[in-house]
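Summary of structural features
Letter by letter, the chains look like this.
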Amino acid sequence: MDYQKLAELLYPNVTKTPAEIEAQFPPRNLPEGAKVTRFAPSPTGFVHFGGLFPSTIGERLAHQSGGVFFLRIEDTDAKREVDGAAEGLIRTLSHYGIHFDEGAVIGEDGSICDKGDYGPYRQSARGPIYHVFAKQLVREGRAYPVFTTREELDALNAADKKAEIKARDWHEDQSEQKEQMLRARNITLEEVEENLRAGNPFVLRILADGDPEKKLPFTDLIKGKLEIPENDEDFVLLKSDGIPTYHFAHAVDDHLMGTTHVIRGEEWLPSLSKHLMLFRYLGFRLPKFMHIAQIMRLDESGNKKKLSKRDMGANMDDYSRMGYSPACVCEYIMTLLNSNYEEWHMQNPEKPYTDFPFNIKKMSNSGCLFDFDKLNDVSKNIISRMSAEEVYSEVSAWALTYDPAFGALLVRDPDYTRSILAIGRGGKKPRKDFATWADVKPYMSFFFDECFRIEDAYDEKFDKADIKHALSSFLASYDPADDMNTWFDKVKAIAREIGYADDMKAYKADPAAFRGNIADVSMFLRVAVTGKLNAPDLYTVMQILGKSRTEARIKSMIESL
Ligand code: GLU
């Protein structure tokens, strides 16, 4: 076979050589050890929690080493593409602190454009580049065309949405497949010319020289030492519309873009032998690979299951709706990614996660377990250490979108809201009330008269007269100018006045000697003022509510008893 002639027949319009293309993508000028990583999503829907994993790893490895992290949009499957998905993806990732140095970005007019010297960064715009390398493979006898007639393709298209895939795939029966492959490999130049004249479409297949009995030693940075059977499948490089398959685009793009570390889901591991073959045929240097295990969750019976697209917590947009701060989600991801992260974080509570020396070796090679309880724990810790100002700005932004009525209350008097959010903040043991911004409303809505109502009733065991007495005495002696100790001394005095112990020790020593205790008196006041049995420190609550609101609530409780 005259491969040179075959190449010219198939790709008469491709005039550039691989060397010319290589010259357009010179090696990157980076310091020793700098890693170049990428996130390469297909714009087929939302960002999955599982997608935040490889992107966070890529971001960390690149930026920790002074390298480059870029975004490549793998939009070679127009049928599966969802409108606006790429834009949504970029926005969501940036919400979670995943910023790219180059790649597809959202331009000023809101549409996607390229930033950087190694583009285009959308595979759909890289057609001519793939064709140069495809032609080279044909020229070297490494790839060959397989024709179908237009009618066959159309018939398949009409019958089945997956027609394109079927049309380019071999027979399912292995031995039949081999024969089919060998027949196709033996196509003559005359047959090629005939098909081209008839306008028949073709896919371009690799001519595989592997023997699956032979195993290639391979080290994956997460999975460790592996043995990969050689590839003997003549897989498709270019589909009949000239668009590359993932395999071919991956090899060409990661080579030209200078990727040093390919970080991707383990579902690509079975295709690795194809990729090793392609890099070898194309004469490309092999990058390092990290195949990440699927994220797992526990189902109702406690069995591990893959976190699927439909599971709660899979769609990153869910987290915004639920009111998770991106900082908390990032922190949680770090705890899942590196086993020693939590320890480091405990020793360095003030440092951002980006200061943590992320280490590939500390990654687990089996699937991480996704767990809302753990996320909530992490989240409460993070929020407890935020300043009141930070909390104010995040919670008000969230509420204005997801609970506008409450949002409006929060921003009506920012100083008032900030003083509420400052309760229990700043000390050694800050309060841990919020895992999500949605937790803020039940915690503090009583501060707003519009939301205030008595949610918890007094226990029947208390004498109503005692409660009334205590509340009235409080009103009589209440002075908002009192400091905390004076305020508390007055509450103690009320306890004594109604025959309650003013000291818990004394009460516990002889409960029968008292009608109740100081904690009960505080509770009488708490329910009257906050409507709840549990609320933040009551002295502070009254200070923030102010004299008239506090008094009005106590009076109204007295009247209702
Ligand atoms: N587009 C591929 C995917 O979404 C990318 C895999 C890779 O990172 O190479 O699975």
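Above this text you will find the structure in question.
Everything numeric in this text was worked out from a predicted model, so none of it was measured. (Residues numbered from 1 in each chain as written. Predicted model: local features only at pLDDT ≥ 70, side-chain atom pairs only at ≥ 80, totals over all residues. Heavy atoms only, no water.)

1. Observations concerning the overall build of the protein
In terms of regular secondary structure, the protein is built from 25 helices and 15 strands. Its C-alpha atoms put the protein at 110 × 45 × 45 Å along the principal axes. Counting over 561 residues, the protein shows a buried share of 49%. In the protein, once contacts between residues fewer than 6 apart in sequence are set aside, the share between residues at least 24 apart is 73%. In the structure as shown, the protein presents an accessible area of about 27,100 Å², 50% of it carried by carbon and sulfur atoms. Taken as two groups, the 73 positive and 88 negative side-chain charges of the protein have centres that lie 3 Å from each other. (Helix = DSSP H or I, 4+ residues; strand = E, 2+ residues; numbered from the N terminus. Buried < 20%, exposed > 50% of the residue type's maximum accessible area, 1.4 Å probe, protein only. Contact = heavy atoms within 4.5 Å. Areas by Shrake-Rupley, 256 points an atom, 1.4 Å probe, with all protein chains shown as cover. Lys, Arg positive; Asp, Glu negative; His and termini not counted. Charge placed at Lys NZ, Arg CZ, Asp CG, Glu CD.)

2. Examining the site of the ligand
Taken together, Arg-38, Ala-40, Ser-42, Glu-74, Tyr-246, Ile-263, Arg-264 and Trp-268 make up the full set of residues adjacent to the ligand. Measuring from a nitrogen atom of the ligand, one finds a backbone N or O atom of Ala-40 at 2.8 Å. Here Glu-74 contributes a side-chain N or O atom positioned 2.7 Å from a nitrogen atom of the ligand. When isolated, the ligand has an accessible area of 290 Å², and the protein chains bury 82% of it. Its residues assigned to classes, the shell around the ligand comprises four nonpolar, one polar and three charged. (Near = heavy atom within 4 Å. Polar contact = N/O pair within 3.5 Å; in protein donor to acceptor, adjacent residues only side chain to side chain. Nonpolar A, V, L, I, M, F, W, Y, C, P; charged D, E, K, R; others polar.)

3. Thoughts on the packing of aromatic side chains
Any two aromatic rings considered together are summarised by their centre-to-centre distance and by the angle between their planes. Inspection of the entire model under this criterion finds 37 aromatic pairs. Between the aromatic rings of Phe-69 and Phe-100, the centroid separation amounts to 4.5 Å while the plane-to-plane angle is 25°, which identifies the pairing as stacked. In this pair, Phe-69 is assigned in strand S2 (residues 68-71) and Phe-100 in the loop between helix H4 (85-95) and strand S3 (102-106), connecting sequence segments 31 residues apart. Take Phe-69: its relative accessible area is 0%, and that puts it in the buried class. Chaining the aromatic ring pairs together yields one cluster made of Phe-49, Phe-53, Tyr-319, Tyr-324, Tyr-332, Phe-370 and Phe-372. Sitting above the plane of the Tyr-118 ring, Arg-28 keeps its charged end 3.9 Å from the centroid. (Phe/Tyr/Trp six-rings, centres within 6.5 Å; stacked < 30°, edge-to-face > 60°. Lys NZ or Arg CZ within 6 Å of the ring centre and 35° of its normal.)

4. Here we look at the sheet that holds strand S5 (residues 143-147)
The three strands lie next to each other as S5-S6-S9, forming an open sheet whose pairing is antiparallel. The open sheet terminates on both sides in strands that have one partner only, identified here as S5 and strand S9 (236-238). Pairwise comparison of adjacent strand axes, ignoring direction, gives a mean angle of 45° for this sheet. Summarising the sheet, S5 and strand S6 (residues 202-206) pair through five bridges and their orientation is antiparallel. If you follow Tyr-144 over to S6, its bridge partner there is Arg-205. Along the sheet, helix H5 (residues 127-139) makes contact with S5, S6 and S9, crossing S9 at roughly 130°. (Pairing = 2+ DSSP bridges. Axes fitted to C-alpha atoms, helices over the stretch in contact; angles between N-to-C directions.)

5. Let's talk about the layout of surface pockets
Here the second largest pocket defines a volume of roughly 580 Å³. Around the second largest pocket, the lining is made up of 25 residues, and of these His-255, Gly-258, Thr-259, Thr-260 and Arg-285 lie nearest the centre. By residue number, the principal contributor to the lining of the second largest pocket is helix H10 (residues 246-256), which donates three residues. (1 Å grid on protein atoms, 1.4 Å probe; cavity = no way out; pocket = protein on both sides within 12 Å on 5 of 7 lines; lining within 4 Å. Points joined across faces, edges and corners; volume = space filled by probe spheres on them.)

6. Concerning empty space enclosed by the protein
Enumeration over the complete set of coordinates arrives at three cavities of 30 Å³ or more. For the largest cavity, the calculated volume is near 90 Å³. Forming the boundary of the largest cavity are 14 residues, of which Ile-423, Arg-425, Arg-431, Asp-433 and Phe-434 lie nearest the centre. When contributions to the lining of the largest cavity are tallied by element, the ones reaching two or more residues are helix H15 (372-384) and helix H18 (414-421). Here the lining of the largest cavity takes three residues from H15, the largest share from any one element. Within the lining of the largest cavity, the residues separate by chemical class into seven nonpolar, two polar and five charged. Roughly 60 Å³ of internal volume is contained in the second largest cavity. Along the walls of the second largest cavity sit Phe-53, Ile-222, Ile-292, Ala-293, Leu-336, Leu-337, Met-363, Ser-364, Ser-366 and Cys-368, which together make up its complete lining.

7. Considering the pattern of salt bridges
Per the counting criterion, the structure on display carries 33 salt bridges. Between Glu-102 and Arg-28 there is a salt bridge; the shortest N-O distance is 2.8 Å. Here Arg-28 lies in the loop between helix H2 (18-24) and strand S1 (36-39) and Glu-102 lies in strand S3, a separation of 74 residues in the sequence. Each of the two residues, Glu-102 as well as Arg-28, counts as buried. With a shortest N-O distance of 3.1 Å, Lys-305 and Asp-299 are connected by a salt bridge. What makes Asp-299 buried here is its relative accessible area of 10%. (Salt bridge = Lys/Arg side-chain N within 4 Å of Asp/Glu carboxyl O.)

8. Describing the environment of Gly-110
Here Gly-110 is to be found in the loop between S3 and strand S4 (112-115). Residue classification places Gly-110 among the partly exposed residues on the basis of a relative accessible area of 29%.

So yeah, pure geometry; function would need other evidence.
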